[in-house]
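Read off the chains here:
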Amino acid sequence: MFSRIAPRYDFLNHLLSFSLDRIWRRRTARKFGHILARPGARALDLCCGTGDLTLALWKEAKREGKVGARVVGSDFAHPMLTLARKKFAVEGPQEYVEADALNLPFTNASFDLVTAAFGFRNLANYEAGLREIFRVLRPGGKVGILEFTDPKSSFVGSIYRFYLQRIVPHVGGVISGSHAAYSYLPVSVSKFPSAEELTGLMTKCGFADSRFELWTMRTVALHTGRRE
Ligand SMILES: C[S@@+](CC[C@H](N)C(=O)[O-])C[C@H]1O[C@@H](n2cnc3c(N)ncnc32)[C@H](O)[C@@H]1O
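Reading the values: rules and limits
Residues numbered from 1 in each chain as written. Predicted model: local features only at pLDDT ≥ 70, side-chain atom pairs only at ≥ 80, totals over all residues. Helix = DSSP H or I, 4+ residues; strand = E, 2+ residues; numbered from the N terminus. Buried ≥ 20, exposed ≤ 12 C-beta atoms within 10 Å, placed from the backbone. Contact = placed C-beta atoms within 7 Å. Near = placed C-beta within 6 Å. Nonpolar A, V, L, I, M, F, W, Y, C, P; charged D, E, K, R; others polar. Pairing = 2+ DSSP bridges. Axes fitted to C-alpha atoms, helices over the stretch in contact; angles between N-to-C directions. Core = buried A, V, L, I, M, F, W, Y, C linked by C-beta atoms within 7 Å. Parallel < 35°, antiparallel > 145°, perpendicular 65-115°, else oblique. Left-handed = near helix turned anticlockwise from the far one by under 90°. Right-handed = clockwise from strand over helix to strand, strands pointing away.

A.B. asks: For this particular structure, what's the right way to read the overall build of the chain?
C.D. replies: On a plain count of helices and strands, the chain comes out with 9 helices and 7 strands. Each of the three principal axes of the chain carries a C-alpha extent, and together these read 45 × 40 × 35 Å. Burial analysis of the chain (228 residues in total) assigns 40% to the buried set. Looking at the chain alone, contacts between residues at least 24 apart form 70% of all its contacts between residues at least 6 apart.

A.B. asks: Mind showing me how you'd approach the site of the ligand here?
C.D. replies: The environment of the ligand is made up of 19 residues, and the closest members are Cys 47, Gly 49, Ala 77, Ala 117 and Gly 119. Elements supplying a minimum of two residues to the shell around the ligand: helix H1 (2-16) and helix H4 (52-62). Partitioning the shell around the ligand into residue classes produces 12 nonpolar, 4 polar and 3 charged.

A.B. asks: Which parts of the structure should I look at to understand the sheet that holds strand E6 (residues 207-215)?
C.D. replies: An order of E3-E2-E1-E4-E5-E7-E6 is seen for the 7 strands of this open sheet, with the pairing classed as mixed. For this open sheet the edge positions go to strand E3 (95-98) and E6, each flanked by a neighbour on one side alone. Strand-to-strand twist in this sheet, taken as the mean axis angle between neighbours without regard to direction, amounts to 20°. Alignment of strand E1 (residues 42-46) against strand E2 (residues 70-75), held across 4 bridges, turns out to be parallel.

A.B. asks: I would appreciate a short explanation of the nonpolar core in the present structure.
C.D. replies: Looking at soluble globular proteins, one finds that nonpolar side chains tend to be buried together. Core analysis: the largest hydrophobic core is formed by 57 residues, its most contacted members being Leu 36, Ala 43, Leu 57 and Val 114. With 6 residues, H4 is the largest single contributor of residues to this core. Leaving out residues up to four positions away in the same chain, Val 114 has contacts with Leu 44, Leu 46, Ile 133, Val 136, Leu 137 and Val 143.

A.B. asks: Teacher, can you tell me more about the packing of H1 against helix H7 (residues 154-176) here?
C.D. replies: Packed helices, taken two at a time, are described by the angle between their axes plus the distance between the axes. Between H1 and H7, whose axes approach to 9 Å, the crossing angle comes to 140°. Classified by the angle their axes make, H1 and H7 are oblique. At the point where H1 passes H7, the crossing takes the right-handed sense. Seen from H1, the contacting residues are Ile 5, Arg 8, Leu 12 and Leu 16; seen from H7, they are Val 168, Val 171, Gly 172, Ile 175 and Ser 176.

A.B. asks: How should I be thinking about the packing of H1 against helix H5 (residues 78-87) in this particular structure?
C.D. replies: Relative orientation of the contacting elements H1 and H5 amounts to 30°, with a least axis distance of 7 Å. Viewed along their axes, H1 and H5 adopt a mutual orientation that is roughly parallel. On H5, the residues touching Phe 2, Ser 3 and Ala 6 of H1 are His 78, Pro 79, Met 80 and Leu 83.

A.B. asks: It is not clear to me how the environment of Thr 199 should be interpreted in this structure. Could you clarify?
C.D. replies: Within the fold, Thr 199 resides in helix H9 (residues 195-204). Between the C-alpha atom of Thr 199 and that of Phe 106, which follows or precedes it by 93 residues, the distance is 25 Å. The contact partners of Thr 199, leaving out residues within four places of it in the chain, are Ser 210, Arg 211, Phe 212 and His 223.

A.B. asks: Looking at this structure, I do not really get unusual backbone geometry. What am I missing?
C.D. replies: Leave glycine aside and you will find that most residues have negative phi; peptide bonds, for their part, are mostly trans. Even without a glycine there, the phi angle at Glu 64 is positive, about 55°. For Glu 64, the position within the fold is in the loop between H4 and E2. According to the C-beta neighbour criterion, Glu 64 is exposed, with 6 such atoms within 10 Å. A positive phi angle is found at Phe 118, which is not glycine, with a value near 55°. Relative to the helices and strands, Phe 118 resides in the loop between strand E4 (111-117) and helix H6 (126-136).

A.B. asks: Explanation requested: the pairing of strand E5 (residues 137-148) in the structure shown.
C.D. replies: On a regular strand, one side chain projects to one face of the sheet and the next to the other, so that they alternate. Summarising burial for E5: 9 of the 12 residues are buried, a large majority. With 6 bridges joining them, E4 and E5 adopt parallel strand pairing. Bridging across to E5, Phe 111 finds its partner in Leu 137. You can see the chain leave E4, run along H6 and come back into E5, and the turn it takes is right-handed. As paired elements, E5 and strand E7 (residues 220-227) share 7 bridges and run antiparallel to each other. Bridging across to E7, Phe 148 finds its partner in Val 220.

A.B. asks: Sorry, what's going on with the pairing of E3 here?
C.D. replies: Two strands pair when backbone bridges link them, and E2 and E3 are joined in this way by 4 bridges, in the parallel orientation. Each bridged residue has a counterpart across the sheet, and for Gly 73 the counterpart in E3 is Tyr 96. A crossover links E2 with its parallel partner E3, the connecting element being H5, and its sense is right-handed.

Now the structure itself:
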């Protein structure tokens, strides 16, 4: 499904989010600026798709001429990685690994930061995903999971659900040619654990300081945690 929508993926992301997706990714990268600024640190962007968060992490690492962290992108959809490689061929993150987030080809404790933007929700098993992230993090390393979340408020919530369930599948389906992919989006968001539930699961999987912050009228959550 992700391979099929890859060619129109970026365009639709920016269109359907009114370009807020760019702000969310930049904000996520800034949140981990203290790790990314460290020379010798390693950051992994899971489910990186066409690499927009990977690029935001890379830019943060290189800000003000710093050497910064090494940034690696990883995804299991080959066409997504091909687009990321082409997009950043001249300047940007250069390392991409084709891999399943549930079975990463990295040794234990090899990253200081693991992120995932709008990808974690798609994993077949969230607990297994969190345990795999925990495994590849070094002690003291941090995780950042950016995901859609259902706003509880009835007013914003009803507009959000109308937009996600009625407008997104239609516009996304017509432009990408895959109605299935953009109908899957609202279904996957509604089935995804609440921000509180995901925080509980992160704690269960061993993350310390598991917490979340809600952005843009509580429609998006950044989940963070630390491997002790
Ligand atoms: C909605 S896209 C998000 C892409 C990117 N992170 C962004 O912010 O635009 C979800 C991505 O997760 C990837 N993905 C889903 N399940 C995966 C898995 N089990 N292992 C690796 N990648 C996966 C898909 O291939 C897709 O590129």
